[in-house]
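Residues per chain, in single letters:
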Amino acid sequence: MKKLVLLTCLFAILSANLYSQTVSVENISANPGDTIQVPINLNSFTNIGAITLFIGFDTSVLDFDTLVNINPQFAGTMGNFMPNLQQVGIAWNATLSGINVSNGNFCELQFVYNGASSDLIFQSACEIADYNGIPLPVSYINGSVSFDSTLNVSFTGLNSTYCINSNSSILTAVPAGGIFSGQGMIGDLFNPVIAGEGTFEIIYSYINPLGQFGSDTQSVSVYLLPEVSFTGLAEEYCLDEIGSPLTGSPAGGTFTGTGMVGNTFEPSIPGVGYSIVIYAFTDTNACTNTQSQYTTVNPIPTVSFTGLAEEYCIDEIGSPLTGSPAGGTFTGTGMVGNTFEPSIPG
């Protein structure tokens, strides 16, 4: 007796997918209230002459409407809902010749989905015959309709990369009403300063009143600014002084500021007063940093001196000279400190 039961079960398992010719109902997920179409597919058939299908389902879950999207090869297919049996009957007969179907759609069952789940089960009376009326060996593969517990959720507005000093981004999600999470998030605002350096995942999660859940995850990287400096700028210049070549680090940046000609500061261009010179550098992450330095351009002083006669006798006593402004230096043959001695130049 045990051997007979075992063989019966084994036969049932093997026969479920024994034949290459198959009829299958697809598995569909839906939301309550949706009007859905459930495809019935045929595979590896030749010379089909007649199709008779009975598909049972839970009528509290599905309300049958009609057959739709009937394959033109099977024009004239009829569908009949039998509420007392909780099943749909489908019938088609060839008129001129048999039909070959390698892999394709037969028709679709249109339902209104009420919620919960229901299997779509081929009944034992199903039969597919060739054009001569001989039943074909067929494997029938059941399908189902069930509650779609997942939602399509997405959000926009997040860049893939930020510099640490970038402006915050407002993120927009569909559907609205969920929660953003992740480093740097404040409500729907991503702030790279708060996030800090690194690569993070930003997640938007949403649950609707039906209990369906969905989420969207995006990756974002925040980069530090490059370290920037430059040398060569003096604290002070005279107005007529020769320009100073400046050197930026890292190389490849740009100098700006009144008085800059390429990488050289020319004091005569800004004129007397304070000047600012800025060196800016952008790295491979498109992050830019700057360094600023100040310098002063001073006016050229007005200089004069008195006390020097137009002529001297060689034995004449030296003349003390007075410079204006005071504090300068006298030079020239015959000068001893601030005194011109005629005997020295001769």
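Quick summary incoming for the structure in this document.

Procedures and definitions
- Residues numbered from 1 in each chain as written.
- Predicted model: local features only at pLDDT ≥ 70, side-chain atom pairs only at ≥ 80, totals over all residues.
- Heavy atoms only, no water.
- Pairing = 2+ DSSP bridges.
- Helix = DSSP H or I, 4+ residues; strand = E, 2+ residues; numbered from the N terminus.
- Buried < 20%, exposed > 50% of the residue type's maximum accessible area, 1.4 Å probe, protein only.
- Contact = heavy atoms within 4.5 Å.

Glancing now at the sheet that holds strand β31 (residues 319-320). What links the strands of a sheet is backbone hydrogen bonding, and the strands pair in either a parallel or an antiparallel sense. Taken together, the three strands give an open sheet; going across it, the order is β31-β34-β33, and neighbouring strands pair in antiparallel fashion. Lying at the two open borders of the sheet, with one neighbouring strand each, are β31 and β33 (335-336). In terms of strand pairing, β31 meets strand β34 (residues 339-340) through two bridges, oriented antiparallel. Across the sheet, the residue bridging to serine 319 is phenylalanine 340, located in β34.

In space, the three strands of this open sheet follow the order β23-β27-β26, with antiparallel pairing throughout. What marks the edges here is a single partner per strand, and that holds for β23 (244-245) and β26 (260-261).

We now examine the side chain of threonine 296. As for its placement among the helices and strands, threonine 296 is situated in strand β29 (residues 288-298). For threonine 296, a relative accessible area of 16% translates into the label buried. Those residues in contact with threonine 296 that lie beyond four places of it in its chain are Glu235, Glu236, Tyr237, Gly273 and Tyr274.

Here serine 275 shows up in strand β28 (residues 273-282). When its relative accessible area of 6% is taken as the criterion, serine 275 is described as buried. Contact partners of serine 275, with chain neighbours within four places excluded, come to Thr258, Phe265, Pro270, Gln293, Tyr294 and Thr295.

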